Structures are given as C-alpha cells and as structure tokens.
Amino acid sequence: MQHESHVLPRPAGLDDVKGWFHNIDQVLFDWFLTRQRERGQQGDLLELGVYLGKSAIFMGQYLEEGQTFTVCDLFDSPADDAANDKEMNKSYSSLTRTAFEANYRAFHDELPVVVQGPSHVITERVEQGSCRFVHVDASHLYEHVHGDIAAARELLGEDGIVVLDDFRAEHCPGVAAATWGAVATTGLKPLCITATKFYGTWGSFEPVRTELGGMLSGRKDFWHGAEEVAGHSMIRIDGRKARIPAQPKSRYEKERGPATAAAGSPVTAPRRLLRSLIGR
C-alpha cells in the first residue's frame, strides 16, 4: 500500500487544489484574458510563483494555439539567499514540483513550460515583450518583488496586464512598497484592486479601464467604486459575494470518494525540507 505522504493529488475540481484564489480574482482573470482573446491580442502567459497550481490551472484554459504558458518557481530547489531560504522553509516546506504537475495534469493535457529556479532568471528564459498577461505571486521580500515587477515590465508586450498578489496584506509590507513604488516611478497604471491583488498596465489605460467599469456596473454580486491614484481613476472592488466564472474541468470530476478528500495534498519527502519561491 502506498504511503499517504506519496499519494499524488487527484482534484475533482479547482476548489480541491490547495491555494488562495478568491472568486473576484477569478472573475477578473476571466474578464481580462477573455477580453484579450476577443480582441485578438497576441502574446504568451506567465506566472511567477505557482504554489500547487490553482491560479495556473485557471490561466491555462485561456492559452491559444501557438502561444506559450510559462511558470516559474523554486519548488524543491534551495533558495539562493538566506532571507528567501528562511521564508520558504517557514511557509512552504512541503511543496514539490511533482504535486504541482499532478494537479495541473488533472485539468490540462499538457504542462506549461516549467522554469525551476528563482524568479530573477525568468528574463533569460522568456523573450522580451512576448507576454500579454503576467501574474506575480512569488516572494514577499521587497528586493525580489521589485525585481519581479521590473521583469514583468520587460516581458509584457503592448497593452499587457500585470497582476500583483498580496500587495496589501499586513504581513507583506515589501510587496506593498514595491507595488506602489512602481506606480510612482515606472509609469505602472493602476486599473483596479481587490482584497488581495493589484491589476495594472504600462500600456493604454483608458480603453480597458472604461470597458472594465462597464462590466462591473452590470454585476450585482459585488461592490465597486473609483479612487484617484497617481492621476488615474483606479477601481476598488469588494468581491466577497462574487459568483465564480466557468472553471476548467478535472478529469477526476466524477470521483467523489476517499480519493477526493486527499485532492490537493502535496507529495512530501521524509527528512527533507522542500522550498518554494512563492509568496502565498
């Protein structure tokens, strides 16, 4: 009988994948990525910090033919500096690449391109200006987030969207400092914020902001309002009651027994600390 610590995840649905991806952010990911598809906007997808793959699985359903989805995480590799190593040991010691891949394959036939290493290597692996959507959910440390934002700016193409996680969490002041510092000094324009994520662009602001406002005005399942920030009308959203959009289907959807209870559980390695670059 296989030991419980080595049982691969068999998630019957996205909710069975461990991680933090609130309903309102699923709504917004869906809206931004669908808008890009409908406008024929070209470009690849990128996620820095994947944990067990919850948001990556969701993003994967918007990948078009000929496009590339790249994810970057340390997984079980050692961090390259003491502060990051300490953060990873404290919060993500059970993470493995095997668990992420098992989760992802439950919903998609092919894995994304996986870059196993610190996020600062991503500009060596992804072509400049090639991405249309970048989700940054990696380290909480200011120096790393600052670098991840700079990388996102370099890798995004015209009118690309960047999403920054944990920009307002009390335990992540470095993320907040890097986020608003980028708004103040790099021309990053704030489109909207939720309880956990910041959405912005270095590209054209008014068209996407206007369309986003129109979509939000037609929804009754959450509240939104405008705030003037750095010369731009940013939308603030309270989405605690938001209805989720369509989610990718799992190949294990019909499984509703003991196997489902273990869904999302990571593979662990006895007597060994496993580390990840991701933040939440």
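Conventions we followed
Residues numbered from 1 in each chain as written. Predicted model: local features only at pLDDT ≥ 70, side-chain atom pairs only at ≥ 80, totals over all residues. Heavy atoms only, no water. Axes fitted to C-alpha atoms, helices over the stretch in contact; angles between N-to-C directions. Helix = DSSP H or I, 4+ residues; strand = E, 2+ residues; numbered from the N terminus. Left-handed = near helix turned anticlockwise from the far one by under 90°. Contact = heavy atoms within 4.5 Å. Nonpolar A, V, L, I, M, F, W, Y, C, P; charged D, E, K, R; others polar. Core = buried A, V, L, I, M, F, W, Y, C linked by side-chain atoms within 4.5 Å. Buried < 20%, exposed > 50% of the residue type's maximum accessible area, 1.4 Å probe, protein only. Pairing = 2+ DSSP bridges. pLDDT = per-residue confidence, 0-100. Phe/Tyr/Trp six-rings, centres within 6.5 Å; stacked < 30°, edge-to-face > 60°.

Trainee: So what's going on with the packing of helix α6 (residues 142-155) against helix α7 (residues 173-185)? Which residues, and what values?
Mentor: Angle between the axes and distance between the axes: these two values describe a pair of packed helices. α7 packs onto α6 with a crossing angle of 35° between their chain directions and a minimal axis gap of 8 Å. Where α6 crosses over α7, the two elements pack in a sense that is right-handed. Of the residues in α7, those in contact with Tyr142, Val145, His146 and Ile149 of α6 are Gly174, Val175, Ala177, Ala178, Thr179 and Ala182. When grouped by side-chain class, the residues that make up the contact of α6 with α7 number seven nonpolar, three polar and no charged.

Trainee: Give a description of the nonpolar core that names residues and reports values.
Mentor: Counting 44 residues, the largest nonpolar core has Leu28, Phe29, Phe32, Phe133 and Leu212 as the members making the most contacts within it. No other element matches helix α1 (residues 23-38), which puts seven residues into this core. When neighbours within four sequence positions are excluded, Phe133 is seen to be in contact with Phe29, Phe32, Leu33, Gln36, Asp44, Leu45, Leu46, Met59, Leu156, Ile161 and Val163. Membership of the second largest hydrophobic core comes to 32 residues, among which are Val162, Val175, Ala178 and Ala182.

Trainee: Any details on the environment of Ala246? Residues and values, ideally.
Mentor: Within the secondary structure, Ala246 is located in the loop between β9 (232-238) and α9 (258-261). The exposure class of Ala246 is exposed, given its relative accessible area of 60%. Filtering out sequence-adjacent residues up to four positions away, Ala246 remains in contact with Phe58 and Gln61.

Trainee: Explain the sheet that holds strand β3 (residues 113-116) to me, using residue names and the numbers behind them.
Mentor: Strands sit in the order β3-β2-β1-β4-β5-β7-β6-β9-β8 across an open sheet of nine strands; the sheet is mixed. The sheet is open, and its two edges are formed by β3 and β8 (223-229), each paired on a single side. Each strand of the sheet is rotated relative to its neighbour by a mean of 20°, with strand direction disregarded. Relative to strand β7 (residues 197-201), strand β6 (residues 189-193) runs antiparallel, the two sharing four bridges. Considered in β7, the bridge of Cys192 is made with Tyr199. The strands touched by helix α4 (residues 97-105) within the sheet are β2 (69-73) and β3, with β3 carrying the most contacts at an inclination of about 165°.

Trainee: I'd like a description of the confidence of the model for the chain, backed by residues and values.
Mentor: Averaged over the chain, the pLDDT score is 87; the fraction of residues at 70 or greater is 82%. Across residues 1-5 the pLDDT falls below 50, and counting only partners more than four positions away or on other chains, this stretch makes four contacts in the model. Contacts for the low-pLDDT stretch residues 259-280, under 50 throughout, to residues beyond four places or in other chains number 95 contacts.

Trainee: Now, about the packing of aromatic side chains: what can you tell me, with residues and values included?
Mentor: Aromatic ring pairs: the centre-centre distance and the angle between the two ring planes describe each pair. Across all of its chains, the model carries 14 aromatic pairs by this definition. On the numbers, 5.2 Å between centres and 70° between planes, the contact of Phe29 with Phe133 is edge-to-face. Of this pair, Phe29 sits in helix α1 while Phe133 is found in strand β4 (residues 131-136), placing the two residues 104 residues apart along the sequence. By relative accessible area, Phe29 is classed as buried at 0%. Taking 6.2 Å as the distance between ring centres and 90° as the angle between the ring planes, the aromatic pair formed by Phe29 and Tyr199 counts as edge-to-face. Within this pair, whereas Phe29 is found in helix α1, its partner Tyr199 is found in strand β7, the two being separated by 170 residues in sequence. Grouping residues by exposure puts Phe29 and Tyr199 together as buried. Through a chain of ring-to-ring contacts, the aromatic side chains of Phe21, Phe29, Trp31, Phe32, Phe58, Tyr62, Phe133 and Tyr199 assemble into a single cluster.

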